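Structural overview for review
Each chain, written out:
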Amino acid sequence: MVTIEVDRCAITQLRSTVNSLLQVCNFKAIVTELREIRSEIRWLRIENQRILEHLFGRQENGW
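Summarised in this report is the structure supplied together with it. Remember, predicted model here, so these are calculated numbers, not experimental data. (Residues numbered from 1 in each chain as written. Predicted model: local features only at pLDDT ≥ 70, side-chain atom pairs only at ≥ 80, totals over all residues. Heavy atoms only, no water.)

Side chains of Ile-30, Leu-34, Ile-37 and Ile-41 sit close together on the surface and give an oily, nonpolar patch of about 340 Å² of accessible area. Within the secondary structure, Leu-34 sits in helix α1 (residues 2-60). (Patch = residues over 30% accessible without salt bridge, like charges linked within 9 Å, V, L, I, M, F, W, Y side chains within 5 Å. Areas by Shrake-Rupley, 256 points an atom, 1.4 Å probe, with all protein chains shown as cover. Salt bridge = Lys/Arg side-chain N within 4 Å of Asp/Glu carboxyl O. Helix = DSSP H or I, 4+ residues; strand = E, 2+ residues; numbered from the N terminus.)

See the structure below:
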């Protein structure tokens, strides 16, 4: 009976460890995705600035 209880305890600890590892992996995946989103936002800002400069440049030239 003692062995069964020890095994149950070990399994519980193992499950907890696995869950913790999964959370760390998920966190890393989320951080990676956020970095990609930031990069896309940066590109969109640059592109928007380029478009605005183009449009305002045309207005200044009489468009």
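Turning our attention to the pattern of salt bridges. Going through the model one piece at a time under the given rule, you end up with two salt bridges. Two residues, Glu-5 and Arg-8, come together in a salt bridge whose shortest N-O distance is 3.9 Å. Placement of the pair is Glu-5 and Arg-8 together in helix α1, with a separation of three residues, close to one helical turn. We note a salt bridge from Arg-50 to Glu-47, for which the minimum N-O separation is 2.7 Å.

Turning our attention to the environment of Thr-12. With respect to the element layout, Thr-12 can be found in helix α1. Judged by its relative accessible area of 53%, Thr-12 is exposed. (Buried < 20%, exposed > 50% of the residue type's maximum accessible area, 1.4 Å probe, protein only.)

Our focus in this paragraph is the environment of Gln-23. With respect to the helices and strands, the residue Gln-23 is situated in helix α1. Here Gln-23 falls in the exposed class, since its relative accessible area comes to 55%. Separated by 32 residues in sequence, Gln-23 and Leu-55 place their C-alpha atoms 47 Å apart.

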